Every structure is written in C-alpha cells, then in structure tokens.
Amino acid sequence: MEGASTNLCYNLLDRNVRNGLGDQIAYYWEGNHPDDYSRGLTYRKLLEEVCRFANVLKDHGIRKGDRVSIYMPMILELPIAMLACARIGAVHSIVFAGFSPDSLAERMFDCKAKLLITADGAWRGEKALYLKALCDTALEKVEEMGHSVEKCIVVSHLKRVTPCQPDHVEEEIPWTDDRDYWWHEEMEDKEPACYPEWMDAEDPLFMLYTSGSTGKPKGVLHTTAGYLLYAATTFKIVFDYKPGDIYWCTADVGWITGHTYVVYGPLANGATSVIFEGTPFFPGNDRYWSVIDKYKVTQFYTAPTAIRALMKFGEGPVLKHNLSGLKVLGSVGEPINPEAWLWYYKHIGKEQCSIVDTFWQTETGGHVITPLPGATPMKPGSASFPFFGVKPTLLDECGIEIKGEGEGYLVFSQPWPGMMRTLYNNHERFEDTYFSKFPGFYCTGDGARRDADGYLWITGRVDDMLNVSGHLMSTAEVESVLTEHPRVAESAVVSRPHPVKGECLYCFITPNENEVFDQKLISDLKKMVRERIGPFAMPDVIQNAPGLPKTRSGKIMRRVLRKIAVNDRNVGDTSTLADEQIVEQLFANRPVEA
Ligand code: 6R9
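Note that the coordinates shown come from a computational prediction; the quantities given were computed from them, not determined experimentally.

A.B. asks: Help me understand the nonpolar core in this model?
C.D. replies: Inside soluble globular proteins, nonpolar side chains tend to come together where they are buried. Among the nonpolar cores identified, the biggest contains 96 residues, and Leu46, Phe53, Leu83, Ile117, Trp183 and Tyr264 are the most heavily contacted of them. Contact partners of Leu83, with chain neighbours within four places excluded, come to Cys9, Leu12, Leu13, Leu46, Val50, Val263, Tyr264 and Leu267.

A.B. asks: I would appreciate a short explanation of the packing of aromatic side chains in the present structure.
C.D. replies: How two aromatic rings sit relative to each other is set out by the distance from centre to centre and by the angle between their planes. In the structure shown here, the tally under the stated rule is 44 aromatic pairs. Ring centres of Phe99 and Trp255 lie 5.8 Å apart, and the angle between their planes is 55°; on these two criteria the pair is classed as tilted. You can see Phe99 sitting in the loop between β5 (91-94) and α4 (101-111) and its partner Trp255 sitting in the loop between β14 (246-249) and α8 (256-268), a full 156 residues away along the chain. Since its relative accessible area comes to 10%, Phe99 is described here as buried. Pairing Phe412 with Tyr442 gives two aromatic rings, centres 6.1 Å apart and planes at 5°, and the pair type is stacked. Of this pair, Phe412 sits in strand β20 (residues 406-412) while Tyr442 sits in strand β22 (residues 442-450), placing them 30 residues apart in sequence. A relative accessible area of 1% places Phe412 in the buried class. Among the residues examined, Tyr442 registers a relative accessible area of 3% and is labelled buried. The structure contains a cluster of three or more aromatic residues connected by ring pairs, namely Phe235, Phe239, Tyr241, Tyr247, Tyr261, Tyr301 and Trp360. Between Lys379 and the ring centre of Tyr455, over which it is positioned, the NZ or CZ distance is 4.5 Å. Between Arg569 and the ring centre of Phe587, over which it is positioned, the NZ or CZ distance is 4.1 Å.

A.B. asks: What am I meant to see in the side chain of His147 here?
C.D. replies: Residue position: His147 is located in the loop between α5 (131-145) and β9 (151-155). Polar side-chain contacts of His147 include one of 2.7 Å to the backbone oxygen of Ala113. The residues touching His147, leaving out its near neighbours within four places in the chain, are Met108, Phe109, Lys112, Ala113 and Val142.

A.B. asks: Help me out: how do you make sense of the site of the ligand in this one?
C.D. replies: Lining the immediate surroundings of the ligand are 17 residues, of which Asp357, Thr358, Thr362, Asp446 and Arg461 lie closest. One of the side-chain nitrogen or oxygen atoms of Asp357 is found 2.7 Å away from a nitrogen atom of the ligand. At the level of secondary structure, the elements contributing two or more residues to the shell around the ligand comprise α8, β18 (354-358) and β23 (456-461). Its residues assigned to classes, the shell around the ligand shows seven nonpolar, six polar and four charged.

A.B. asks: Just checking my understanding: could you explain the sheet that holds β20 for this structure?
C.D. replies: The strands that make up a sheet are held in pairs by hydrogen bonds between backbone atoms, and each pair lies either parallel or antiparallel. As summarised here, the arrangement of the four strands in space is β19-β20-β22-β23, forming an open sheet in which the pairing is antiparallel. Pairing within the sheet leaves two strands with one partner each, and these edge strands are β19 (392-395) and β23. Going from strand to strand, the sheet's axes swing by 45° on average, the running direction of each strand aside. Here β22 runs beside β23; their pairing, made up of five bridges, is antiparallel. Its bridge partner lying in β23, Arg449 is registered against Trp457.

Definitions and cut-offs
- Residues numbered from 1 in each chain as written.
- Predicted model: local features only at pLDDT ≥ 70, side-chain atom pairs only at ≥ 80, totals over all residues.
- Heavy atoms only, no water.
- Core = buried A, V, L, I, M, F, W, Y, C linked by side-chain atoms within 4.5 Å.
- Buried < 20%, exposed > 50% of the residue type's maximum accessible area, 1.4 Å probe, protein only.
- Contact = heavy atoms within 4.5 Å.
- Phe/Tyr/Trp six-rings, centres within 6.5 Å; stacked < 30°, edge-to-face > 60°.
- Helix = DSSP H or I, 4+ residues; strand = E, 2+ residues; numbered from the N terminus.
- Lys NZ or Arg CZ within 6 Å of the ring centre and 35° of its normal.
- Polar contact = N/O pair within 3.5 Å; in protein donor to acceptor, adjacent residues only side chain to side chain.
- Near = heavy atom within 4 Å.
- Nonpolar A, V, L, I, M, F, W, Y, C, P; charged D, E, K, R; others polar.
- Pairing = 2+ DSSP bridges.
- Axes fitted to C-alpha atoms, helices over the stretch in contact; angles between N-to-C directions.

Put into structure tokens, the structure is as follows:
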C-alpha cells in the first residue's frame, strides 16, 4: 500500500463515530478494587479526549516522527495517549510499567524519546506502586547516558480511585518544575478537535521493545496501513466479533497483545471492550469470573499462566458467577498445556465455547497461527493452522524443508501485512536476527511439530530465550545482571519448566576466587535482577557452581545445565567437555529446595 495515505486514529475513532457508533461504549474501565468507580467511555467521548491530548502533545512541541515513551498502568488515559500519538504521527514506545527504572531508561535512551507519559502510580491488589518516583530515577539515568527527555506528563490516578484505601496513598509525588506537568491541568483548556496528520502507509506507527537473545532489547517497529489491516482483520475473524459483543483481553497494554488486541484491533472494529487495572487474585480468586459476569463478556482472551494459576483454586470460585455469555475463549503468550486447555474449555467455557490458541509475536503484529472459532476442529494444545496469507514452513538444522509429519524450526516463507518492518535504528540487526539463519525465510525462533492431520504444535523457543508467565526474556539479559555483582565471576542461566509460570529461571553462579557462596549472595542477586529488569524476572533457583560445563572452545553446554536443573541424570554425551567431572559436582551441589 506504499504511496497511499491514511491516519490510524481517524480510522479507529472518526470513522466509527461517523458511522453511527458515537454513543457506543468503546471501553468499560474496571478498577483494581471492585468498589472503585467504574467508567465507560463512548466512541465520541474517546475521540474528544484523544483530540484534546493530541493538542497537549502539539503544544509541547511533539511533531510527526518524534518518539514518545509511555509508562502507564491500565487506565483509560493509556489508549488515549497512544491514539493521540497516532493522530499527530508521533511514534509511541510503551514500556510495561512492571519494568525497572533501568529498563525504562535504556529504552528511552535507545529511541531518544522527547517526552514521557506516566501516572503518579497504579494499584495492584493491596499495593500502590509509585510509578512517578520510578520515572524520576529513569529520567536521571537517561540524562547520565547523554540524552535528555524534555517533558513528563503525569496522570493523577492514585487518589481518584481509592474510596477503599485512601490511607495507603503517600502525599508526596516527586516533582520537577518546568519538566513535569499534570495531565488534567494540561487538558483543561484544550480544543476537543484536532486535524489528523495524514501518514504514508509505511510511516512508523509505534515501536515496542522485545527481548533479544544477546541481552540488548530490540525496538520492533510497526508501520501504519499493514498493521491496521492485520490488527482489524485478525480481531474480527479470530474472535468472531459481532456488534453487541463485549470483549475482554486481560493483557497489559505494555505488551504487544495489549497494543493489537486491547487497542488497535477492537477499536478498528467499533468493538466494546473491558480494560481492567487489577489482578486475578484481588480481592478474591474469582475476580476474573466476576468481571466476566458483571459486563456479560462474550469473548475472553488471557494467558495460560493465568489459567494455570486459577485452576489451582478449583471450580468453586468459577461457580459463583454466571459465565453463560461467553462464546470464544482465547489463549496467548506461551504454549498451553492440554490440562489447562481442558480446564478452560470445561469449567470456563462449559464445553460450549471455541478456544483459540493464538500463536504470534511482537514481531508478527497479530495472530499468525490460530484456530478460527467454530470452523477449525480443535485439538487441546495445538495452535493449529496459519491465518490467511501466512505461509509456515518447518526446516531442519540444515535448512531442508520438513514435509508432512515432523518437527523443526518454525519459519515463514512470505511476508504478511502486519509484520515488523525493521528494528528501530538497526536494520542490520533486523536482517541478522530474523533472516540470516535461513535465507529467504522469516525465522520465528520457535520450534514446531506438524502432526499427521497437518496441525501445528508450537514446542517453544529454540534460541536462548525463555518465557516466564508469558514474559519473553533472554538468558543473556539475566546473566549480564548477575555477573555485575562484585562477588560473581561467572553465571549461566537456563530455563526450567514450572507448573504455573510455564518456565522459570534457574541460575548457576561461580563466585570469585576466595569468595563464599552464601544466603546473602543469593538474596543480593535476586534483588539485583528484580531491580534491574523487573519483578517478573526474579530467579526461582540460584545454585553454587564452582565451575561450568564448558567445551574445549569455551562454550557453555546449556543442555547439560538444563538437565541438572530438573535433576535428570540423562545428560547425554559430555565427551566434548573440557572437564567432565564438573557435571557430577553440579548434581551434588543442587540446593535442597530445588
Ligand atoms: C504475542 C506474544 C512471543 C513468543 C513466541 C512464542 C510464545 C506466544 C504462543 C506462544 C505457543 C502460543 N508464544 N503465543 N507459544 N503458543 N499460542 O506473546 O508476543 O511477547 O513477543 O512473545 O511467545 O515463544 O515466540 P511476545
């Protein structure tokens, strides 16, 4: 569509309002606590708010092509901020608010953000998280790195939703005059109209960082028309969305699932969705089911890790609520094990709903392998078949195509509209990461198996990446934090299966000469990972490793470490190791709690 022009925000809002959907609810907002006031925002009101905020951005000097970082909780100002960027052609770069200030700083520096949008804080269960304070730390760090983010716009959120827990809010939100601005003050005098910036089909829409196997995050860049087309079409068809349906995706907007299936896909279809700030466990373990009941949700989209965590409480919490409105259940983020699939199907869907196990990536923009509800006969645990226009191929190590039944590298042999266009400011790394292993193919980094009926089963990452509760991260990223500790000489991190999180981090640590490995070191290291990457990256096990199993060329044999992590003595051939003894020693050193 190169050469054609459009504006994404215009397509999502103005077009729907003109077509008579002005009074329809675009979003219901459900707060962390059930007694928080809930809000509904119509398409007309959303358009007005977006225009007003677009005018705020313009007044702060933001122009087409500028990067705007966003670090926000799940509040309605988040889609408003994104769409305001899209309206004026600014490129948003959202950083999930669970990331640490270091991670935020690294991302703002990489994209040379001009402005940051955040909130004073967020509610998560019993706790308030003070996001503005974290932003201040991040803004200082970026400054030290040599880039200045000029402005910071802050939503005042903590107090407006706390009829239940006002005492928890500390009064002081750190503030820097001439840099920080309250959202509500900026919005006060703004016009509720703003002419959209017409964008070329291939102009950038947003970037979103995803983990890379070398440890440095990759700024995946999506453009305008292809992404819009793909988000709109997959949403409509994969969730079988019909007028009057109420759709709820539990993903945080800070991840790609939130971008495509909380914001762009649903709004492009004039859909009504729920946005939820809280957690599945607060104030009780039935919160998801109560929200489904409250809004009469028809399509529900969540992650296997959430399903496994909720399965543990049995059917009791589910039976307290009426879930009979449900038609389609979605799963995303990691392979769903058949046991969780069946529980979802039976207890949530009452054997009446289609389950769509949607395989895709930040890079693919939208679903690429997925069943279509009511049309694809389901197999628990299989993402089944490609979406229209997607051509998956399985390759062996030598790049030879595996036809029929078999397992191999999952690659795509032709582009599709929603695919990423480049890595921000690093096209070379883009070509290298995705196209160099098998020239002529886009390489997903996942393995897959094709069964006798042609169904695809995703088997998980084939590179040094792991997926903890649906959060993708690289072992290298964690290793580089661990080895920064002054008492650590070397580290190796592997993934270990986990009953709820899917995978978890198992870390081997070699202390420096004459250093001891003790509880203090373990807790220091856990704290470091938490602070540097984020709470979701917390290692489950940290083990003492007087040495690591290395080949004579110095490569760590990770498959051996993965066996040690699960206490499986079938380590296979270790004859290429420089020191075979080390394997036995590592088995002996496994901590009791592991
Ligand atoms: C959308 C999203 C991408 C990685 C991907 C794969 C895993 C996602 C999956 C799945 C099996 C599914 N993944 N969906 N594995 N079945 N239905 O999660 O994007 O955060 O970039 O992660 O997640 O390993 O390569 P992203």
